[in-house]
Every structure is written in C-alpha cells, then in structure tokens.
Amino acid sequence: MRALALALALALLLAAAQAGKAFDVDQVSVQEMIGFLDHGDWHFRLDACDALADRRIREAEPTIARLATEDPHERVRGRCLGALKEMGAKGLVPTAETAARADSHEDVRTLGLGILEEKATDTSAPVVAEVLLRDPEPGLRRKAAIILGKRGWSAGGEALAEAALGDPDDGVRKEALESLIKVGRAEQGALLHRIMLEDR
C-alpha cells in the first residue's frame, strides 16, 4: 500500500514537471493555490499566480497585488502585475504606479508604465512625470514623455519642460518637446520657443 502511494505521488510530481509547472493545477484546491502564493520557492508563487488569474479568483487579489510590488523575484512581480490586469482587479492602477516608479527591474517598470498608459486617469500623471524625470533607462523616460502627450495630461507639463530642456538623451528631449506641444499649456509658449532655438 505504501509503495502504491509513493508511486502515485511520484507520478503526480512527474506530470507536473513534464508540464513545466511547480504543481499540477488539477490536483490541488483553490485554497492550496492561494497558500502557494506564500511558498518559499518562487516557481510555486509564479505558477499559483498564473492559475489563480486564469480562474479569476477574487479572494487572491490582495495577495497577488502584494507580490506584484514586494516579491523578491522579478518574474513573480511581473507575472502578478499582469495577473491583476487580466483579472480586472480594483487595485491594478495603484499597483502599476508603484511598479512603474519604484521597481528595481526594468521589465517590471516597463509593464507598470504600459498599464498606466492603457488604464490610468490623469491622477496618475505625477507618477508618469516622475518616471520621465527619474528613471535611469532612456527608453522608459521616452515612453513616459509619449504617454503624457498622448493622454493630454497637462499636470505633466512642468516635467515635460524640464526633460525637454535638460534630459541627457536626445530622444527623450525630442519626445518631451513634442508632448509639451500636445499638452498645449499656453503659459509655456516662451519656453517652447527657447527650446526650439537651443536645439537648432
């Protein structure tokens, strides 16, 4: 009997491994999957996030949101952020703001910024402006400048002006200038003229 149980357990482990998963989703309950979100092995946390998002398990949203900003592994943080988007979670935008502004990994910050571009309102303009002025990656700063102009968030005007004048990357300065024009703050007309003269 013990040998049969062991063989069954090994078969289940093998099936999960063959599927490329830390566990077999057909052999565990939803509550067990929620428990796996706090598992010591990041593979379990990653796969639990996947499975719970696929099933739209709302009670898992708070833990998934916490992992999206606090998990030590960037793949788990990114997957949990994507899961919140898939689930239409209420906390999606605030979590994406934190990721875009403060995550240590470029890919997670990129995902957070993309969510803000798609889902956020003008209340997120200060966060996008912060990315424009503070992110170490020129590609993300350019993206932030584009978002501010595309969404017409005038609250980002000062950051756009600062970037258009002083960002060390030519591409960022160009996008910031174009977005500043789109935002169309009349009081910045003289500044726009100055930028155009200096960039000649």
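Predicted, not measured: the structure shown is a model, and the values here were computed from it.

K.L.:
I'd like a rundown of the pattern of salt bridges, residues and numbers included.
P.N.:
In the structure shown here, the tally under the stated rule is 17 salt bridges. Of the charged contacts in the structure, one is a salt bridge between Lys-150 and Glu-117, with a shortest N-O distance of 3.0 Å. Highlighted residues: Lys-150 in helix H9 (residues 138-151) and Glu-117 in helix H7 (residues 106-119), separated in sequence by 33 residues. Residue classification places Lys-150 among the exposed positions, given a relative accessible area of 56%. According to the relative accessible area criterion, Glu-117 is buried, its value standing at 15%. For Lys-119, the salt bridge identified is with Glu-118, shortest N-O distance 3.8 Å. On the accessibility criterion, Lys-119 (41% relative accessible area) is partly exposed. Exposure remark for Glu-118: the relative accessible area of 46% places this residue in the partly exposed category. Overlapping salt bridges bring together Lys-21, Asp-47, Asp-50, Arg-79 and Glu-86 as one network.

K.L.:
Just give me the short version of the packing of aromatic side chains, but keep the residues and values in it.
P.N.:
Evaluated as defined, the whole model comprises 3 aromatic pairs. Where Phe-23 meets Phe-44, the ring centres are 6.0 Å apart and the plane angle is 25 degrees; that geometry is what we call stacked. One end of the pair, Phe-23, is in the loop between helix H1 (2-18) and helix H2 (30-36); the other, Phe-44, is in helix H3 (residues 42-54), with 21 residues separating them in the sequence. For the pair formed by Phe-23 and Phe-44, the shared burial category is buried. In this structure an aromatic cluster arises from ring pairing among Phe-23, Phe-36 and Phe-44.

K.L.:
Please give an account of the packing of helix H4 (residues 61-70) against helix H5 (residues 74-87) that cites residues and values.
P.N.:
Where H4 meets H5, the axes come as close as 7 Å, and the angle between the chain directions of the two elements is 140 degrees. As far as their axial angle goes, H5 and H4 are oblique. For the pair H4 and H5, the crossing hand works out as left-handed. Where H4 approaches H5, its residues Glu-61, Ile-64, Ala-65, Leu-67, Ala-68, Thr-69 and Glu-70 are matched on the opposing element by Arg-77, Cys-80, Leu-81, Ala-83, Leu-84 and Met-87. Of the residues assigned to the contact of H4 with H5, the class counts are 9 nonpolar, 1 polar and 3 charged.

K.L.:
Help me get a handle on the environment of Leu-116, residues and values and all.
P.N.:
Its location among the elements puts Leu-116 in helix H7. In this structure the C-alpha to C-alpha distance between Leu-116 and Val-93, which are 23 residues apart in sequence, comes to 6.5 Å. Not counting residues within four places of it along the chain, the set of residues in contact with Leu-116 comprises Val-93, Ala-96, Glu-97, Ala-100, Ser-124, Val-127, Val-128, Arg-151 and Trp-153.

K.L.:
Before we move on, can you summarise unusual backbone geometry with the specific residues and values?
P.N.:
Among all residues except glycine, the phi angle is most often negative; among peptide bonds, the trans geometry is most common. Positive phi outside glycine occurs at Arg-56, with the angle close to 55 degrees. Residue placement: Arg-56 occurs in the loop between H3 and H4.

What counts and how
Residues numbered from 1 in each chain as written. Predicted model: local features only at pLDDT ≥ 70, side-chain atom pairs only at ≥ 80, totals over all residues. Heavy atoms only, no water. Salt bridge = Lys/Arg side-chain N within 4 Å of Asp/Glu carboxyl O. Helix = DSSP H or I, 4+ residues; strand = E, 2+ residues; numbered from the N terminus. Buried < 20%, exposed > 50% of the residue type's maximum accessible area, 1.4 Å probe, protein only. Phe/Tyr/Trp six-rings, centres within 6.5 Å; stacked < 30°, edge-to-face > 60°. Axes fitted to C-alpha atoms, helices over the stretch in contact; angles between N-to-C directions. Parallel < 35°, antiparallel > 145°, perpendicular 65-115°, else oblique. Left-handed = near helix turned anticlockwise from the far one by under 90°. Contact = heavy atoms within 4.5 Å. Nonpolar A, V, L, I, M, F, W, Y, C, P; charged D, E, K, R; others polar.

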